[in-house]
Amino acid sequence: MRIGFLGKGGSGKTTIAAGFIKYLAAKGLKPILAIDADVNVHLATTLALPNPAHPIGHDFSAVAEYVRGSRTDLKNTSIVATTPPSLASRFIRLTENDPFLSRYASKNGSVCLLTIGTYRSCDVGHTCYHGKLNTLELIYHHLLDTDSDMVVADATAGIDNLGTSLFFAYDLNVFVVEPTRKSIDVFLEFERVSHSYGLNTRVVINKTEDDADIKFIKQHIPEEKIIAIVPRSKAIRHLEQGNKQALELFVLENKTTFEAIRKTATSSAKDWEHYYKLLLETHKKNSIEWWDAYYGQPISTQFDPDFSYSKVL
(Lines give C-alpha, C1' and ligand atoms only; values in the text may rest on other atoms or scores of the structure.)
Protein backbone atom coordinates (compact mmCIF):
# COMPACT_ATOMS: atom_id res chain seq x y z
CA MET A 1 0.00 0.00 0.00
CA ARG A 2 1.52 3.30 -1.10
CA ILE A 3 0.95 6.62 0.67
CA GLY A 4 2.39 9.87 -0.65
CA PHE A 5 2.54 13.01 1.51
CA LEU A 6 2.22 16.17 -0.55
CA GLY A 7 1.68 19.87 0.10
CA LYS A 8 3.02 23.37 -0.21
CA GLY A 9 6.61 23.82 0.90
CA GLY A 10 6.67 24.49 4.63
CA SER A 11 3.29 22.87 5.28
CA GLY A 12 4.85 20.18 7.45
CA LYS A 13 4.53 17.23 5.06
CA THR A 14 7.98 15.87 5.95
CA THR A 15 7.14 15.96 9.66
CA ILE A 16 3.75 14.29 9.14
CA ALA A 17 5.31 11.66 6.86
CA ALA A 18 8.06 10.93 9.39
CA GLY A 19 5.56 10.78 12.24
CA PHE A 20 3.43 8.32 10.27
CA ILE A 21 6.45 6.11 9.58
CA LYS A 22 7.37 6.18 13.29
CA TYR A 23 3.78 5.31 14.20
CA LEU A 24 3.73 2.31 11.84
CA ALA A 25 7.06 1.06 13.17
CA ALA A 26 5.91 1.42 16.79
CA LYS A 27 2.82 -0.67 15.98
CA GLY A 28 5.12 -3.43 14.80
CA LEU A 29 3.99 -3.19 11.18
CA LYS A 30 6.57 -4.36 8.67
CA PRO A 31 8.00 -4.02 6.21
CA ILE A 32 7.96 -0.22 5.81
CA LEU A 33 9.63 1.38 2.81
CA ALA A 34 10.23 5.11 3.35
CA ILE A 35 11.08 7.24 0.33
CA ASP A 36 12.50 10.76 0.42
CA ALA A 37 11.34 12.15 -2.92
CA ASP A 38 11.83 15.83 -2.08
CA VAL A 39 14.64 17.99 -3.43
CA ASN A 40 15.18 19.15 0.17
CA VAL A 41 16.46 15.90 1.67
CA HIS A 42 15.21 15.94 5.28
CA LEU A 43 13.37 12.64 5.88
CA ALA A 44 16.42 10.70 7.06
CA THR A 45 17.38 13.44 9.52
CA THR A 46 13.84 13.69 10.86
CA LEU A 47 13.70 9.92 11.34
CA ALA A 48 17.23 9.85 12.82
CA LEU A 49 18.26 7.38 10.10
CA PRO A 50 21.48 7.38 8.07
CA ASN A 51 21.07 8.63 4.52
CA PRO A 52 21.55 5.76 2.03
CA ALA A 53 24.99 5.56 0.48
CA HIS A 54 23.51 5.51 -3.03
CA PRO A 55 20.84 8.16 -3.80
CA ILE A 56 18.77 6.51 -6.51
CA GLY A 57 18.24 9.74 -8.45
CA HIS A 58 21.87 9.64 -9.55
CA ASP A 59 21.68 6.07 -10.91
CA PHE A 60 18.96 5.96 -13.57
CA SER A 61 21.03 3.87 -16.00
CA ALA A 62 21.92 1.28 -13.35
CA VAL A 63 18.32 1.05 -12.14
CA ALA A 64 17.05 0.74 -15.71
CA GLU A 65 19.49 -2.09 -16.37
CA TYR A 66 18.40 -3.80 -13.13
CA VAL A 67 14.68 -3.78 -13.91
CA ARG A 68 15.30 -4.80 -17.53
CA GLY A 69 15.86 -8.31 -16.23
CA SER A 70 15.88 -10.86 -19.04
CA ARG A 71 13.48 -9.09 -21.36
CA THR A 72 14.43 -9.04 -25.04
CA ASP A 73 11.34 -7.33 -26.44
CA LEU A 74 12.86 -3.84 -26.02
CA LYS A 75 15.47 -4.69 -28.64
CA ASN A 76 17.68 -1.61 -28.97
CA THR A 77 15.25 0.95 -27.56
CA SER A 78 16.13 2.92 -24.46
CA ILE A 79 14.31 2.39 -21.18
CA VAL A 80 12.57 5.57 -19.99
CA ALA A 81 10.82 6.48 -16.75
CA THR A 82 7.44 5.16 -17.92
CA THR A 83 8.61 2.03 -19.74
CA PRO A 84 6.00 -0.52 -18.63
CA PRO A 85 7.27 -3.80 -17.18
CA SER A 86 7.06 -7.13 -18.97
CA LEU A 87 6.80 -10.69 -17.72
CA ALA A 88 10.59 -10.91 -18.10
CA SER A 89 11.35 -7.78 -16.06
CA ARG A 90 13.15 -7.90 -12.73
CA PHE A 91 10.90 -6.62 -9.93
CA ILE A 92 11.47 -5.14 -6.50
CA ARG A 93 9.77 -6.69 -3.48
CA LEU A 94 9.63 -5.56 0.13
CA THR A 95 11.49 -8.57 1.46
CA GLU A 96 14.45 -8.61 3.80
CA ASN A 97 16.85 -9.94 1.19
CA ASP A 98 15.63 -8.06 -1.88
CA PRO A 99 18.87 -7.30 -3.79
CA PHE A 100 17.73 -3.86 -4.95
CA LEU A 101 16.85 -2.66 -1.45
CA SER A 102 20.03 -4.23 -0.08
CA ARG A 103 22.06 -2.08 -2.46
CA TYR A 104 20.18 1.22 -2.31
CA ALA A 105 18.34 1.42 1.02
CA SER A 106 19.53 2.17 4.53
CA LYS A 107 17.78 0.05 7.15
CA ASN A 108 16.84 0.40 10.79
CA GLY A 109 14.57 -2.25 12.24
CA SER A 110 11.48 -2.59 10.07
CA VAL A 111 12.16 0.65 8.15
CA CYS A 112 14.03 0.80 4.83
CA LEU A 113 14.83 4.25 3.42
CA LEU A 114 15.45 5.23 -0.20
CA THR A 115 16.40 8.78 -1.15
CA ILE A 116 16.25 10.42 -4.55
CA GLY A 117 19.03 12.81 -3.60
CA THR A 118 19.39 16.50 -4.33
CA TYR A 119 21.46 18.60 -6.70
CA ARG A 120 25.19 18.05 -7.03
CA SER A 121 27.82 20.50 -8.29
CA CYS A 122 27.72 18.85 -11.72
CA ASP A 123 23.95 19.46 -11.94
CA VAL A 124 24.13 23.22 -11.56
CA GLY A 125 22.81 25.13 -14.55
CA HIS A 126 21.49 22.28 -16.65
CA THR A 127 19.68 19.55 -14.70
CA CYS A 128 15.98 19.47 -13.79
CA TYR A 129 14.92 17.60 -10.65
CA HIS A 130 12.46 15.64 -12.79
CA GLY A 131 15.50 13.89 -14.23
CA LYS A 132 16.15 12.43 -10.79
CA LEU A 133 12.47 11.65 -10.18
CA ASN A 134 12.54 9.57 -13.39
CA THR A 135 14.41 6.91 -11.43
CA LEU A 136 11.69 6.79 -8.79
CA GLU A 137 9.03 6.45 -11.49
CA LEU A 138 10.82 3.42 -12.91
CA ILE A 139 11.14 1.90 -9.44
CA TYR A 140 7.45 2.36 -8.61
CA HIS A 141 6.39 0.72 -11.87
CA HIS A 142 8.53 -2.32 -11.00
CA LEU A 143 7.67 -2.43 -7.29
CA LEU A 144 5.40 -5.29 -6.24
CA ASP A 145 4.12 -4.09 -2.89
CA THR A 146 1.27 -6.02 -1.31
CA ASP A 147 -1.76 -4.74 0.60
CA SER A 148 0.09 -5.52 3.86
CA ASP A 149 3.26 -3.64 2.86
CA MET A 150 3.62 0.06 3.65
CA VAL A 151 5.39 2.41 1.23
CA VAL A 152 5.48 5.98 2.55
CA ALA A 153 6.88 8.85 0.50
CA ASP A 154 7.71 12.44 1.34
CA ALA A 155 6.95 13.83 -2.11
CA THR A 156 8.34 16.91 -3.80
CA ALA A 157 6.59 20.12 -2.78
CA GLY A 158 3.56 21.65 -4.45
CA ILE A 159 1.88 19.87 -7.36
CA ASP A 160 5.09 18.86 -9.10
CA ASN A 161 4.07 15.19 -9.11
CA LEU A 162 1.63 16.10 -11.89
CA GLY A 163 4.59 16.59 -14.21
CA THR A 164 5.60 12.91 -13.91
CA SER A 165 3.90 9.53 -13.76
CA LEU A 166 4.24 9.78 -9.98
CA PHE A 167 0.85 11.50 -9.99
CA PHE A 168 -0.83 8.07 -9.97
CA ALA A 169 1.90 6.14 -8.11
CA TYR A 170 0.17 6.28 -4.71
CA ASP A 171 -2.88 4.42 -3.44
CA LEU A 172 -3.49 7.43 -1.19
CA ASN A 173 -2.34 11.02 -1.69
CA VAL A 174 -2.31 12.87 1.64
CA PHE A 175 -2.13 16.64 1.25
CA VAL A 176 -0.81 18.38 4.34
CA VAL A 177 -2.59 21.74 4.42
CA GLU A 178 -1.94 24.71 6.69
CA PRO A 179 -4.75 27.16 7.49
CA THR A 180 -3.56 29.61 4.81
CA ARG A 181 -5.01 30.44 1.43
CA LYS A 182 -1.78 29.57 -0.41
CA SER A 183 -1.62 26.12 1.17
CA ILE A 184 -5.29 25.45 0.41
CA ASP A 185 -4.83 26.57 -3.20
CA VAL A 186 -2.06 24.01 -3.77
CA PHE A 187 -4.45 21.21 -2.82
CA LEU A 188 -7.34 22.64 -4.85
CA GLU A 189 -5.15 23.00 -7.93
CA PHE A 190 -4.03 19.37 -7.66
CA GLU A 191 -7.66 18.29 -7.36
CA ARG A 192 -8.72 20.43 -10.32
CA VAL A 193 -6.05 19.05 -12.66
CA SER A 194 -6.21 15.40 -11.55
CA HIS A 195 -9.95 14.93 -10.91
CA SER A 196 -10.53 12.76 -13.99
CA TYR A 197 -7.94 10.10 -13.06
CA GLY A 198 -9.74 8.41 -10.19
CA LEU A 199 -7.10 9.24 -7.56
CA ASN A 200 -7.68 8.83 -3.83
CA THR A 201 -6.66 12.23 -2.45
CA ARG A 202 -7.34 13.38 1.11
CA VAL A 203 -6.25 16.15 3.48
CA VAL A 204 -4.61 16.43 6.88
CA ILE A 205 -5.00 19.91 8.34
CA ASN A 206 -1.78 20.92 10.06
CA LYS A 207 -0.59 23.67 12.43
CA THR A 208 -4.04 24.77 13.61
CA GLU A 209 -4.16 27.12 16.58
CA ASP A 210 -7.89 27.57 17.18
CA ASP A 211 -11.36 26.79 15.86
CA ALA A 212 -11.15 29.74 13.48
CA ASP A 213 -8.31 28.00 11.60
CA ILE A 214 -10.40 24.85 11.19
CA LYS A 215 -13.46 26.82 10.11
CA PHE A 216 -11.39 28.71 7.54
CA ILE A 217 -10.14 25.53 5.90
CA LYS A 218 -13.58 23.91 5.90
CA GLN A 219 -14.90 26.90 3.95
CA HIS A 220 -12.67 25.82 1.05
CA ILE A 221 -12.16 22.06 1.41
CA PRO A 222 -15.10 19.60 1.67
CA GLU A 223 -15.24 18.01 5.11
CA GLU A 224 -15.36 14.49 3.64
CA LYS A 225 -11.88 15.10 2.21
CA ILE A 226 -10.38 15.80 5.63
CA ILE A 227 -8.84 12.83 7.45
CA ALA A 228 -7.59 14.57 10.57
CA ILE A 229 -6.60 17.83 12.24
CA VAL A 230 -3.15 18.34 13.78
CA PRO A 231 -2.70 21.26 16.22
CA ARG A 232 0.48 23.31 16.18
CA SER A 233 2.97 21.41 18.35
CA LYS A 234 5.82 22.56 20.56
CA ALA A 235 7.34 19.11 20.02
CA ILE A 236 7.94 19.97 16.36
CA ARG A 237 9.70 23.20 17.28
CA HIS A 238 11.93 21.15 19.60
CA LEU A 239 12.51 18.61 16.82
CA GLU A 240 13.59 21.35 14.43
CA GLN A 241 15.93 22.67 17.12
CA GLY A 242 17.70 19.30 17.10
CA ASN A 243 15.89 17.27 19.77
CA LYS A 244 15.49 13.97 17.93
CA GLN A 245 13.34 12.44 20.69
CA ALA A 246 10.70 15.14 20.11
CA LEU A 247 9.32 13.21 17.12
CA GLU A 248 8.24 10.40 19.45
CA LEU A 249 6.30 12.90 21.57
CA PHE A 250 4.67 14.29 18.43
CA VAL A 251 3.61 10.76 17.44
CA LEU A 252 2.09 10.17 20.87
CA GLU A 253 0.19 13.46 20.63
CA ASN A 254 -1.28 12.49 17.26
CA LYS A 255 -1.87 8.73 17.42
CA THR A 256 -5.49 9.13 16.30
CA THR A 257 -4.37 11.12 13.25
CA PHE A 258 -1.86 8.49 12.16
CA GLU A 259 -4.31 5.66 12.73
CA ALA A 260 -6.89 7.52 10.63
CA ILE A 261 -4.35 7.80 7.79
CA ARG A 262 -3.53 4.09 8.04
CA LYS A 263 -7.21 3.09 8.01
CA THR A 264 -7.93 5.36 5.06
CA ALA A 265 -5.03 3.86 3.10
CA THR A 266 -5.98 0.25 3.84
CA SER A 267 -9.75 0.60 3.46
CA SER A 268 -9.62 -0.71 -0.10
CA ALA A 269 -7.35 -3.06 -2.01
CA LYS A 270 -4.80 -1.81 -4.51
CA ASP A 271 -6.26 -1.61 -8.03
CA TRP A 272 -3.39 -2.91 -10.14
CA GLU A 273 -5.52 -2.99 -13.29
CA HIS A 274 -6.29 0.73 -13.04
CA TYR A 275 -2.64 1.46 -12.24
CA TYR A 276 -1.45 -0.39 -15.34
CA LYS A 277 -4.05 1.35 -17.50
CA LEU A 278 -2.78 4.77 -16.38
CA LEU A 279 0.83 3.67 -16.91
CA LEU A 280 0.16 2.58 -20.50
CA GLU A 281 -1.77 5.76 -21.28
CA THR A 282 0.95 7.98 -19.79
CA HIS A 283 3.77 6.10 -21.52
CA LYS A 284 2.11 6.27 -24.93
CA LYS A 285 1.23 9.96 -24.55
CA ASN A 286 4.72 10.97 -23.44
CA SER A 287 6.38 8.85 -26.11
CA ILE A 288 4.32 10.24 -28.96
CA GLU A 289 4.76 13.80 -27.72
CA TRP A 290 8.53 13.65 -27.28
CA TRP A 291 10.31 10.39 -26.28
CA ASP A 292 10.11 8.93 -29.81
CA ALA A 293 11.54 12.09 -31.37
CA TYR A 294 14.13 12.62 -28.63
CA TYR A 295 15.61 9.13 -28.97
CA GLY A 296 14.78 8.59 -32.62
CA GLN A 297 13.31 5.25 -31.51
CA PRO A 298 9.78 3.78 -31.27
CA ILE A 299 9.59 4.17 -27.48
CA SER A 300 5.77 4.24 -27.73
CA THR A 301 5.76 0.55 -28.72
CA GLN A 302 7.43 -0.56 -25.46
CA PHE A 303 4.82 -2.79 -23.90
CA ASP A 304 4.31 -6.49 -23.42
CA PRO A 305 0.79 -7.42 -24.63
CA ASP A 306 0.79 -10.45 -22.33
CA PHE A 307 1.70 -8.52 -19.20
CA SER A 308 -0.50 -7.83 -16.21
CA TYR A 309 0.56 -7.21 -12.62
CA SER A 310 -1.64 -10.09 -11.50
CA LYS A 311 0.68 -12.50 -13.35
CA VAL A 312 3.80 -11.42 -11.43
CA LEU A 313 2.47 -10.68 -7.95
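Keep in mind that this is a model prediction, so the values were computed, not measured.

**Student:** Sorry if this is basic, but what is going on with the pairing of strand β5 (residues 150-154) here?
**Tutor:** Moving residue by residue along a regular strand, the side chains alternate between the two faces of the sheet. Burial analysis of β5 places five of its five residues in the buried class, which makes it a mostly covered element. The side-chain alternation of β5 yields two buried faces, one formed by M150, V152 and D154 and the other by V151 and A153. Across five bridges, strand β2 (residues 32-36) lies against β5 in parallel orientation. Looking across to β5, one finds that I35 is bridged to A153.

**Student:** When you look at the sheet that holds strand β1 (residues 2-6) in this model, what are you seeing that I'm missing?
**Tutor:** Across a sheet, strands are paired by hydrogen bonds formed along the backbone, either parallel or antiparallel in direction. If you walk across this open sheet you meet the eight strands as β3-β4-β2-β5-β1-β6-β7-β8, and the pairing is mixed. Sheet topology places β3 (106-108) and β8 (226-231) at the edges, where each strand pairs with a single neighbour. Each strand of the sheet is rotated relative to its neighbour by a mean of 20°, with strand direction disregarded. Two elements, strand β6 (residues 172-177) and strand β7 (residues 201-208), share five bridges in a ladder whose sense is parallel. By the bridge assignment for β7, V177 is matched with I205. Strands in contact with helix α6 (residues 181-194) are β1, β6 and β7; relative to β6, the strand with the most contacts, it is inclined by about 155°. Contacts from helix α10 (residues 255-266) reach β1, β5, β6, β7 and β8 within the one sheet, and its direction differs from that of β8 by about 160°.

**Student:** What should I look at first to understand the environment of E189 in this one?
**Tutor:** Take E189: it is sitting in helix α6. For E189, a relative accessible area of 29% corresponds to the partly exposed category. In this structure the C-alpha to C-alpha distance between E189 and G158, which are 31 residues apart in sequence, comes to 9.5 Å.

**Student:** Please explain the pattern of salt bridges as it appears in this structure.
**Tutor:** Working definition: two side chains of opposite charge can pair if their charged atoms are close together. As enumerated under the stated definition, the model contains 18 salt bridges in all. Salt-bridge contacts for K8 lead to E178; the nearest nitrogen and oxygen are separated by 3.6 Å. In this pair, K8 is assigned in the loop between β1 and α1 (13-26) and E178 in the loop between β6 and α6, connecting sequence segments 170 residues apart. Classification of K8 as partly exposed rests on a relative accessible area of 23%. With a closest N to O distance of 3.4 Å, R68 and E65 form a salt bridge. With a gap of three residues between them, R68 and E65 both fall in helix α3 (residues 60-68), about one helical turn apart. Here the salt bridges share partners, and the residues they tie into one network are R2, D145, D171 and K270.

The rules we used
Residues numbered from 1 in each chain as written. Predicted model: local features only at pLDDT ≥ 70, side-chain atom pairs only at ≥ 80, totals over all residues. Heavy atoms only, no water. Buried < 20%, exposed > 50% of the residue type's maximum accessible area, 1.4 Å probe, protein only. Helix = DSSP H or I, 4+ residues; strand = E, 2+ residues; numbered from the N terminus. Pairing = 2+ DSSP bridges. Axes fitted to C-alpha atoms, helices over the stretch in contact; angles between N-to-C directions. Contact = heavy atoms within 4.5 Å. Salt bridge = Lys/Arg side-chain N within 4 Å of Asp/Glu carboxyl O.

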